Amino acid sequence: MPEGDTVWNTARVLERALAGAVLTASDFRVPQLATADLSGWTVRESASRGKHLLLRVSEPETDRRLTLHSHLRMDGAWRAYAPGDRWAARPAHLIRVVLRTATNVAVGYHLHELALVPTAEEESLVGHLGPDLLGPDWDPDEAVRRLAAQPDTTIAEALLDQRNLAGIGNLYKCEVLFLRGISPWTPVREVPDLRALVVLAQRLLTANRGRWTQSTTGSLRRGETSYVYGRLRAEPCRRCGTRISRADLGERVTYWCPTCQPGTPQLHPARR
Ligand SMILES: [Zn+2]
């Protein structure tokens, strides 16, 4: 599940593969960039902002600067290959862009929101985002301020709103609410300690930087990496043995333990 940590890792993969190198070819397989050609351009750096990827390039003669923006959503990925490697990560029809240097090939699969904009105008794509949990601008007080400005929204939906804080997806949303014992349906105004919640989220994402297996439990063993997220067939809670519940909340499925996280809609029918 591409959340902030996965996107951060992906930005590092592109940094290692491309940064400082001259692109020898580019191949965009999306209509809006069909005529774009970055061959001869230098890759300056690769960065992440929340769940957005920003690959910054410049044209040596003119010093024009552009940013290639991409978003992984649920299913996108970038992979770096050596020249001559088989591009085996995903089926070829999912390829949206290929960037080549003398020593590496970066292939973007099923990317979303692919756009090439002047670097000076990056903010038009990512300026709406709240503080980035894994960014140099991380500011828990600002994240709390933005969350608190939506007092009647459920905490589950507020945590997923990237304008409040950037980088949390459905996995971390479910897991931090479990770890803090908060029902996903709790309105923001009733969450006892918003700061502790966002600080914990930042700690969990940070702990998963640099590896592709996302774990909130400390275990990297298959089937043991989460407390509630993705636990199907009413598996028992790791803490209390109650069956984990699963329901739609807003646009996403949410998982929770009814005992460890009391306060489901049935207990507060007025909030539905
Ligand atoms: Zn429980």
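Cut-offs applied
Residues numbered from 1 in each chain as written. Predicted model: local features only at pLDDT ≥ 70, side-chain atom pairs only at ≥ 80, totals over all residues. Heavy atoms only, no water. Donors = N, O, S within 2.8 Å, 3.2 Å for Na, K, Ca; no water. Buried < 20%, exposed > 50% of the residue type's maximum accessible area, 1.4 Å probe, protein only. Helix = DSSP H or I, 4+ residues; strand = E, 2+ residues; numbered from the N terminus. Core = buried A, V, L, I, M, F, W, Y, C linked by side-chain atoms within 4.5 Å. Contact = heavy atoms within 4.5 Å. Pairing = 2+ DSSP bridges. Axes fitted to C-alpha atoms, helices over the stretch in contact; angles between N-to-C directions. Phe/Tyr/Trp six-rings, centres within 6.5 Å; stacked < 30°, edge-to-face > 60°. Lys NZ or Arg CZ within 6 Å of the ring centre and 35° of its normal.

This part covers the coordination of the zinc ion. Those protein atoms acting as donors to the zinc ion are Cys-237 (SG), Cys-240 (SG), Cys-257 (SG) and Cys-260 (SG), and they sit at 2.2 to 2.4 Å. Motif for the zinc ion, donor spacing along one chain: C-x2-C-x16-C-x2-C. Classification of Cys-237 by relative accessible area gives buried; the value is 5%. Overall, the relative accessible area of 36% leaves Cys-240 in the partly exposed class.

The phi torsion at Arg-73 lies on the positive side, around 45°, for a residue other than glycine. A relative accessible area of 43% means that Arg-73 is categorised as partly exposed. If you check the backbone angles, His-110 has positive phi at about 45° while not being a glycine. Secondary-structure assignment places His-110 in the loop between strand S7 (105-109) and strand S8 (112-118). Of the residues examined, His-110 reaches a relative accessible area of 22% and is grouped as partly exposed.

Grouped together as the largest cluster of nonpolar side chains are 39 residues, with contacts concentrated most on Ile-155, Leu-159, Leu-165, Val-176, Leu-177 and Leu-197. A per-element tally of this core places helix H6 (residues 194-207) first, with seven residues. Not counting the four nearest positions on each side in its chain, Ile-155 is found in contact with Leu-177, Ile-182, Ser-183, Pro-184, Thr-186, Val-188, Val-191, Leu-194 and Leu-197.

The next subject is the environment of Ala-34. With respect to the secondary-structure elements, Ala-34 resides in the loop between strand S1 (25-28) and strand S2 (42-49). Look at Ala-34 and you get exposed, because its relative accessible area is 52%.

Okay, the pairing of strand S4 (residues 64-71) next. A large share of S4 lies buried, amounting to six of its eight residues. Bridge count for strand S3 (residues 52-59) against S4 is eight bridges, and the pairing is antiparallel. Looking at S4, one finds that Val-57 is bridged to Leu-66. Taking the residues that link successive antiparallel strands as the turn, the S3-S4 hairpin has four residues, and the phi of Asp-63 there is positive, at about 60°. In the sheet, S4 pairs with S8 via five bridges, with the strands oriented antiparallel. If you follow Leu-66 over to S8, its bridge partner there is Pro-118.

Spatial strand order, S2-S3-S4-S8: four strands in an open sheet with antiparallel pairing. Each edge of the open sheet carries a strand with a single partner, namely S2 and S8. If you compare each strand with its neighbour and ignore which way they point, the axes differ by 15° on average. Where helix H1 (residues 4-18) meets the sheet, it contacts S2 and S3, and its direction lies at approximately 170° from that of S2.

Glancing now at the packing of aromatic side chains. One pass over the full model with this rule turns up four aromatic pairs. With centroids separated by 4.6 Å and ring planes inclined at 75°, the aromatic side chains of Trp-185 and Trp-256 adopt a geometry described as edge-to-face. Linking Trp-185 in the loop between helix H5 (170-179) and H6 with Trp-256 in strand S10 (residues 252-256), this pair joins segments that are 71 residues apart in sequence. Judged by its relative accessible area of 7%, Trp-256 is buried. Seen in terms of ring centroids, Tyr-229 and Tyr-255 are 5.4 Å apart; in terms of plane orientation they differ by 70°. Their pairing is edge-to-face. Taken together, the positions of Tyr-229 in the loop between H6 and strand S9 (245-249) and Tyr-255 in strand S10 put the pair 26 residues apart, joining distant regions of the chain. Tyr-255 shares its class with Tyr-229; the two are buried. A cation sits over an aromatic face here: Arg-12 above Trp-8, 4.5 Å from the ring centre. Taking the ring centre of Tyr-227 as reference, the NZ or CZ of Arg-239 above it sits at 5.5 Å.

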